[in-house]
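What follows is the residue order along each chain.
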Amino acid sequence: MNATIKPLSSPENIPHPPLHHLSKAIGAPLRWAILTELASGEPRMVKEIAQKLRRSPTLVSKHMAVLRRAGAVEIGRAGVYQIPKHFAVTPDKRHIDFG
C-alpha cells in the first residue's frame, strides 16, 4: 500500500466555504472593496479599513461580519481581520483564490 499522507495544512485538507455563501458575501461592492484592502496580506482593524474606504466603522463592521460568516475573512488577535492564509495564493501580488 503506497498511500500518501498529506499534512493537515495542505489545501486539499482545508474546508472551503460553500460557494453560494461566498458568492453572496462578495456580491456587495463594499465587501469586494474590503477584500481588496485585505488582499495585501496585512491584518487590519475595522477602523483602518473604514478610513481607507471612507465609510463608517459601523457599516464596515457589519460587512466584515458577513464576510466572516462566509469564511472569506477571519479575525485575529486584537480584533484585526485578515484573509485566511490558505486563500492567499501569492500575497505579494494580492491574489486570492477562494476556489
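Before reading further, recall that the structure is shown in the block above.
### A closer look at the overall build of the protein
Stage number 1. Tallying secondary structure elements over the protein gives four helices and four strands in all.
Stage number 2. For the protein, the sequential pattern of α-helices and β-strands runs α-α-α-α-β-β-β-β.
Stage number 3. For the protein, buried positions account for 32% of its 99 residues.
Stage number 4. For the protein, long-range pairs separated by at least 24 residues make up 52% of all intrachain contacts whose partners lie at least 6 apart in sequence.
Stage number 5. Roughly 6800 Å² of accessible area belongs to the protein as shown, and the carbon and sulfur atoms make up 56% of that amount.

### Brief notes about the side chain of Glu37
Stage number 1. Note on placement: Glu37 falls in helix α2 (residues 29-38).
Stage number 2. In this structure the side chain of Glu37 is engaged in a polar contact, spanning 3.1 Å, whose partner is the side chain of Arg44.

### Observations concerning the environment of Ala28
Stage number 1. For Ala28, the location among the structural elements is in the loop between α1 (19-25) and α2.
Stage number 2. Take Ala28: its relative accessible area is 18%, and that puts it in the buried class.
Stage number 3. Each C-alpha atom of the pair Ala28 and His63 lies 8.9 Å from the other, and the pair is 35 residues apart in sequence.

What counts, and where the lines are drawn
- Residues numbered from 1 in each chain as written.
- Predicted model: local features only at pLDDT ≥ 70, side-chain atom pairs only at ≥ 80, totals over all residues.
- Heavy atoms only, no water.
- Helix = DSSP H or I, 4+ residues; strand = E, 2+ residues; numbered from the N terminus.
- Buried < 20%, exposed > 50% of the residue type's maximum accessible area, 1.4 Å probe, protein only.
- Contact = heavy atoms within 4.5 Å.
- Areas by Shrake-Rupley, 256 points an atom, 1.4 Å probe, with all protein chains shown as cover.
- Polar contact = N/O pair within 3.5 Å; in protein donor to acceptor, adjacent residues only side chain to side chain.

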